[in-house]
Amino acid sequence: MNTENPRLAIVIPCYNEEQALPITANVLLELLDRMSADGLVSDDSYLLCVNDGSRDATWNTIEKLHATDPRLKGISLAHNRGHQNALLAGLMTSIDRCDIAVSIDADLQDDPEAIIGMVKKYRDEKAEIVFGVRSSRESDTWFKRATAHGFYSFQNSMGLETIYDHADYRLMSNRALKLLSEYGEQNLFLRGIIPLIGLKTAIVTYARNPRVAGESKYPLSKMLSFSIDGITSFSARPMRWIFMTGLSFLVIDIIVALYVLGSYCFTSTVVPGWTSLMLSVWFLGSLILIAIGIVGEYIGKIFIEVKNRPRYAIEKSLL
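A look at helix H1 (residues 21-37)
Then, in step 1: For H1, built from 17 residues, the straight-helix expectation of 24 Å at 1.5 Å per residue is met to within 8% by its first-to-last C-alpha distance of 24 Å.
Then, in step 2: Residues of H1 that are buried: Leu21, Thr24, Ala25, Leu28, Leu29, Leu31, Leu32, Met35 and Ser36. For H1, the angular spread of buried residues about the axis comes to 160°, placing them on one side. Summarising the geometry of H1, the exposed residues directed more than 90 degrees from the buried face are Asn26 and Ala37.
Then, in step 3: Once H1 finishes, glycine 39 follows within two positions and takes phi at roughly 80°, a positive value.

Quick word on the packing of H1 against helix H4 (residues 114-125)
Then, in step 1: Where H1 meets H4, the closest approach of the two axes is 11 Å, and the angle between their N-to-C directions is 40°. Here H1 lies oblique to H4, going by the angle between them. Regarding H1 and H4, the two cross each other, and that crossing is right-handed. The residues of H4 that touch H1, namely those facing Leu28, Leu31, Arg34 and Met35, are Ile115, Ile116 and Val119.
Then, in step 2: Considering only residue class, the contact of H1 with H4 consists of six nonpolar, no polar and one charged.

Concerning the pairing of strand S7 (residues 201-206)
Looking along a regular strand, one sees side chains alternate from face to face of the sheet.
Then, in step 1: On S7, burial follows the alternation: Ala202, Val204 and Tyr206 on one face are buried, whereas Thr201, Ile203 and Thr205 on the facing-out side are not.
Then, in step 2: Examined bridge by bridge, strand S5 (residues 129-134) and S7 share six bridges and lie parallel to one another. Pairing of valine 133 across the sheet is with threonine 205, part of S7.

Considerations on the packing of aromatic side chains
Then, in step 1: Under the definition given, this model contains one aromatic pair.
Then, in step 2: For the pair tyrosine 169 and tyrosine 206, a centre-to-centre distance of 5.2 Å together with 85° between the ring planes defines the contact as edge-to-face. Of the two residues, tyrosine 169 sits in strand S6 (residues 166-173) while tyrosine 206 sits in strand S7, which places them 37 residues apart along the sequence. In this structure, tyrosine 169 and tyrosine 206 share a single accessibility class: buried.
Then, in step 3: Here lysine 73 stacks its cationic end above the ring of tyrosine 46, 5.7 Å away from the centre of that ring.

Brief notes about the pattern of salt bridges
Then, in step 1: All chains considered together, the criterion is met by ten salt bridges.
Then, in step 2: Here arginine 71 ties to aspartate 33 by a salt bridge, and the two come within 2.8 Å at their closest N and O atoms. One end of the pair, arginine 71, is in the loop between helix H2 (58-68) and strand S3 (72-77); the other, aspartate 33, is in helix H1, and 38 residues separate them in sequence.
Then, in step 3: A residue is classified by how much of its surface remains accessible, and aspartate 33, at 39% relative accessible area, is partly exposed.
Then, in step 4: A salt bridge links aspartate 168 to arginine 170, with the nearest nitrogen and oxygen atoms 2.7 Å apart.

Thoughts on the sheet that holds S3
Then, in step 1: In spatial order, the strands read S7-S5-S6-S4-S1-S2-S3-S8; together these eight strands make up an open sheet with mixed pairing. Sheet topology places S7 and strand S8 (314-318) at the edges, where each strand pairs with a single neighbour. When strand polarity is set aside, the average angle formed by the axes of neighbouring strands in this sheet is 20°.
Then, in step 2: Summarising the sheet, strand S1 (residues 8-14) and strand S2 (residues 46-51) pair through six bridges and their orientation is parallel. Its bridge partner being in S2, alanine 9 is matched across the sheet by tyrosine 46.
Then, in step 3: Its contacts with the sheet place H2 against S1, S2, S3 and S8, and it is angled at close to 155° to S3.

Brief notes about the state of the cysteines
Then, in step 1: Here the structure, examined in full by the defined rule, presents zero disulfides.
Then, in step 2: Free cysteine cysteine 14: the closest other cysteine sulfur is in cysteine 49, separated by 4.5 Å.
Then, in step 3: Overall, cysteine 49 belongs to the buried group, its relative accessible area being 1%.

Digging into the pairing of S3
Then, in step 1: Of all the six residues making up S3, six are buried; the element is thus mostly covered by neighbouring parts of the structure.
Then, in step 2: Side-chain alternation along S3 places Leu72, Gly74 and Ser76 on one buried face and Lys73, Ile75 and Leu77 on a second face that is also buried.
Then, in step 3: Looking at chain direction, S2 and S3 are connected through five bridges and run parallel. What sits directly across from leucine 48, in S3, is lysine 73.
Then, in step 4: Traced from S2 through H2 to S3, the parallel crossover comes out right-handed.

Remarks on the nonpolar core
Then, in step 1: Counting residues in hydrophobic clusters, the biggest one holds 38 residues, and the most contacted among them are Leu8, Ile10, Ile12, Leu28, Met35 and Ile115.
Then, in step 2: For this core, the secondary structure elements donating two or more residues are S1, H1, S2, H2, strand S4 (100-103), H4, S6 and S7.
Then, in step 3: At seven residues, the largest contribution of residues to this core is made by H1.
Then, in step 4: If we ignore the near neighbours within four places in the chain, the residues touching leucine 8 are Leu32, Met35, Val41, Ser45, Tyr46, Ile100, Ala101, Val102 and Ile115.
Then, in step 5: Counting residues in each nonpolar core, the second largest holds 29 residues, with Val11, Cys98, Val133 and Ile194 among its members.

Rules used throughout
Throughout, residues of each chain are indexed from 1 in the direction in which the sequence is written. Whole-chain, interface and lining totals are the exception, using all residues; otherwise, since this is a predicted model, local features are given only for residues with pLDDT of at least 70 and side-chain atom pairs are given and counted only at 80 or more. By convention in this description, side-chain values take in all heavy atoms of the structure and omit both hydrogens and water. The way it works is that DSSP assigns letters per residue, a run of H or I at least four long becomes a helix, a run of E at least two long becomes a strand, and they are numbered from the N terminus. Working rule for helices: expected span equals 1.5 Å times residues minus one. Here the term buried applies to any residue with accessible area under 20% of the maximum for its type, exposed to any over 50%, and partly exposed to those in between, with areas from a 1.4 Å probe on protein chains only. Within this analysis, the arc is defined by the directions that extend from the helix axis to the C-beta atoms. Only the contacting stretch of a helix is used when fitting its axis, a line to C-alpha atoms as for every element, and angles between N-to-C directions run 0 to 180 degrees. For classification, angles of less than 35 degrees are called roughly parallel, those exceeding 145 degrees roughly antiparallel, those between 65 and 115 degrees roughly perpendicular, and all remaining angles oblique. By the definition used in this description, the sense in which the near helix is turned from the far one sets the handedness, with an anticlockwise turn below a right angle giving left-handed and a clockwise turn giving right-handed. Contacts are assigned to residue pairs with any non-hydrogen atoms lying within 4.5 Å of each other. Classification used: nonpolar for Ala, Val, Leu, Ile, Met, Phe, Trp, Tyr, Cys and Pro, charged for Asp, Glu, Lys and Arg, polar for all others including Gly. A pair of strands is considered paired only if DSSP assigns at least 2 bridges between the two. Stacked, tilted and edge-to-face are the three classes applied to pairs of Phe, Tyr and Trp rings, where Trp contributes its six-membered ring and a pair requires centres within 6.5 Å; stacked means planes under 30 degrees apart, edge-to-face means over 60, and tilted covers the rest. Remark: a charge is flagged as sitting over a ring if the NZ atom of Lys or the CZ atom of Arg is within 6 Å of the ring centre and within 35 degrees of the ring normal. The term salt bridge refers to a side-chain nitrogen of Lys or Arg lying within 4 Å of a carboxyl oxygen of Asp or Glu. Two cysteine sulfur atoms form a disulfide, by the criterion used here, when they sit within 2.5 Å. Assignment of crossover handedness uses the view with strands pointing away from the viewer, where a clockwise path from the first strand over the helix to the second indicates a right-handed crossover. Residues enter a nonpolar core if they are buried and are Ala, Val, Leu, Ile, Met, Phe, Trp, Tyr or Cys, with the set joined through side-chain atoms within 4.5 Å.

Written as structure tokens, this is what we have:
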């Protein structure tokens, strides 16, 4: 570990961020200047922007910024591969070009000043993974807070070792990056993978800011999809729940069967229960469809994994 004068790479996944990038670049380059002047990082530290198949002029903006300041580097993926793959592409590109890497989104909602604290944790406490964790969610709406807390609580109940109120804002040492490169799954959920690496960790808290420009790239539908991917990539508990639910209904069926037989043998009339019959049929039918859907999620994961296709392809680079 080079803790005396580490070379820092700040990795920035970008999807349709032409409005935010010039602002983000100025803020982060100025931060690098201050950190270099204070002796926290080396003078050859840099930014690495990853264009994730953007539909706007994001790549053109990266080229212009690179021409102005070569410390801003970039790679462009040949196709939109999603935030997790874009982030991994940036981290793997920087793996032989840095001592430490910090990942941060281009909207600067994650306070860049927290990077100083992360580097100090790395230098002073020898922490090889430093998680950026939100200090509060007071700026969020009630719905956003409720869904976010539900997101983390549900994942933890499923057995995932996620960090509460941590997204993908973190520092990783070069050794941590190399260990990350050994994880070869196609269904990436870095928030679940990185805590499994097992090196010394630390936490830096920060207050979340509003976006500097542009619109959020993570609506509720994407968050739900992201949560499902994370759970099915790391836990088999949903399938176990299906089995336990099936056993529970078997017990209920036995009780109902005893009741029906008792009514048939010991009473003179049995009133047909059309309503209860229909409710039972619809309820069990829905349960079966849900169970098939959960099993299908796991089969789909297996289908994608066994193909072993490349997770991304780099079309252009400015390094």
